[in-house]
Amino acid sequence: MQHRLTVCFGVLVAVLAFSPVGFSQSAQQSKTNRAKTNTAETEKAPATATATTEHLSRDLSGVWMQYDDGTAPGFARMNGVDDRTRPPLTPWGQEKFDAAKPLMGPRAVGGQEDSAALHCDPSGPPQLLILPNPWEIVEIPGRMFMFFEEYHIWRTIWTDGRPLPKDPDPSWLGYSVGHWEGDTFVVETVGLNDKVWADLSGNPRSEQMHLTERYRRLNHDTLEQQIIIDDPKSYTKVWVSPPKLHKLEPKWEIAEWFCASSELQTYDQDVRKPSGGESTEPKK
């Protein structure tokens, strides 16, 4: 069972997840080098949030981790982008979806999955936002930074009032600006490339995507995140997912986690070969 969970959840993020070092960076890192001073596991999300609007904080700083609301003990369910609310795909989106070899869901086949992460390509939003790994928010005047444990990716969200660029060059992370609407911090991102899926199920992301994230600090320890995808090239309607809760982890540290090609050998040995998939090792 432990190996099964390692396969199902570790492969979601990157090759590193299948090595002892990489797997320690996942949702259960409270016993390893990320939570060096913390041994408590992420608690389950409360049924309801009780904070009142007038007391909500505009300070989002800190290390945040998804609540453990998954069906497997100790794991967070990656439903920040929720398949249950996905609108119909366009013909282009359907073609991309059918060609994808996902890492999770009913279409996933062990050893045959093909994600950008398995080639050490960087991730990007919205997929980057839903993986079961922590991220840290740091605020300075005019900018907000999000530091992700995965691959040590960092993201800039401009808060100096600038507009979104009209014709940005497509990139992995896109171009993001943020502003406050009452107690909600709204992030808008454009200029995303189509090299990353929107989630781990193979749902596409096109260069036309306009991504919106909404964050509210419900109380000191709870951050609410909602992801809204407007991608007319991929989906026939706007994709609005329900809010997802994250827990503040004040004693956690973002650990060093890079994608190394040498880790492909561990992935081959532990996952791809036992499952009958083709090796990623170069042929001699």
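Note: the structure precedes this text.
Procedures and definitions
- Residues numbered from 1 in each chain as written.
- Predicted model: local features only at pLDDT ≥ 70, side-chain atom pairs only at ≥ 80, totals over all residues.
- Heavy atoms only, no water.
- Core = buried A, V, L, I, M, F, W, Y, C linked by side-chain atoms within 4.5 Å.
- Buried < 20%, exposed > 50% of the residue type's maximum accessible area, 1.4 Å probe, protein only.
- Helix = DSSP H or I, 4+ residues; strand = E, 2+ residues; numbered from the N terminus.
- Contact = heavy atoms within 4.5 Å.
- Polar contact = N/O pair within 3.5 Å; in protein donor to acceptor, adjacent residues only side chain to side chain.
- Pairing = 2+ DSSP bridges.
- Phe/Tyr/Trp six-rings, centres within 6.5 Å; stacked < 30°, edge-to-face > 60°.
- Salt bridge = Lys/Arg side-chain N within 4 Å of Asp/Glu carboxyl O.

**Q** What am I meant to see in the nonpolar core here?
**A** Nonpolar side chains in soluble globular proteins tend to end up buried together. Among the nonpolar cores identified, the biggest contains 29 residues, and Trp-135, Ile-137, Met-146, Tyr-215 and Ile-229 are the most heavily contacted of them. Among the secondary structure elements, those contributing two or more residues to this core are helix 4 (127-130), strand 2 (135-140), strand 3 (143-148), strand 6 (184-190), strand 7 (210-219) and strand 8 (222-230). Filtering out sequence-adjacent residues up to four positions away, Met-146 remains in contact with Leu-129, Trp-135, Glu-136, Ile-137, Ile-153, Trp-154, Arg-155, Ile-157 and Tyr-215. Of all hydrophobic cores here, the second largest spans 6 residues; its members include Ala-100, Leu-103, Leu-131 and Trp-197.

**Q** Whenever I open this one, the side chain of Asp-183 confuses me. Can you help?
**A** With respect to the helices, strands and loops of the structure, Asp-183 is situated in the loop between strand 5 (175-181) and strand 6. A distance of 3.1 Å separates the side chain of Asp-183 from the side chain of Thr-184, its partner in a polar contact.

**Q** What should I look at first to understand the pairing of strand 8 in this one?
**A** Both faces of the sheet carry side chains from a regular strand, because those side chains alternate between them. Along strand 8, 8 of the 9 residues are buried, which leaves the element largely enclosed by surrounding structure. As defined by bridge partners, strand 7 adjoins strand 8 across 9 bridges and the pair is classed as antiparallel. Paired with Arg-214 across the two strands is Gln-226, which belongs to strand 8. Following strand 7, the chain reverses through 2 residues before pairing antiparallel with strand 8. In this sheet, strand 10 (residues 244-248) lies alongside strand 8 in antiparallel orientation, the contact comprising 4 bridges.

**Q** Where do I start with the packing of aromatic side chains in this structure?
**A** Aromatic rings considered in pairs are described by the distance between their centres and by the relative angle of their planes. This structure, assessed with the given rule, holds 5 aromatic pairs. Between Trp-135 and Tyr-215, the ring centres sit 6.3 Å apart and the planes meet at 80°, which makes this aromatic pair edge-to-face. You can see Trp-135 sitting in strand 2 and its partner Tyr-215 sitting in strand 7, a full 80 residues away along the chain. Exposure remark for Tyr-215: the relative accessible area of 2% places this residue in the buried category.

**Q** Looking at this model, I keep getting lost on the pattern of salt bridges. Mind explaining?
**A** Oppositely charged side chains can pair when the atoms bearing their charge come close. Taken as a whole and judged by the stated rule, the model has 9 salt bridges. Where Arg-84 meets Asp-82, a salt bridge forms, and the shortest distance between an N and an O atom there is 2.7 Å. Using a relative accessible area of 68% as the deciding quantity, one classes Arg-84 as exposed. Classification of Asp-82 by relative accessible area gives buried; the value is 6%. Where salt bridges share partners, they join Asp-69, Arg-77 and Lys-244 into one cluster.

**Q** Sorry, what's going on with the environment of Gln-225 here?
**A** Secondary-structure assignment places Gln-225 in strand 8. Taking the C-alpha atoms as reference points, Gln-225 and Gly-80, 145 residues apart in sequence, are found 7.7 Å from one another. Apart from the residues within four sequence positions on either side, Gln-225 is in contact with Leu-129, Trp-135, Arg-214, Tyr-215, Pro-242, Pro-243, Lys-244 and His-246. Reaching out from Gln-225, the side chain makes a polar contact with the side chain of Tyr-215 at a distance of 3.3 Å.

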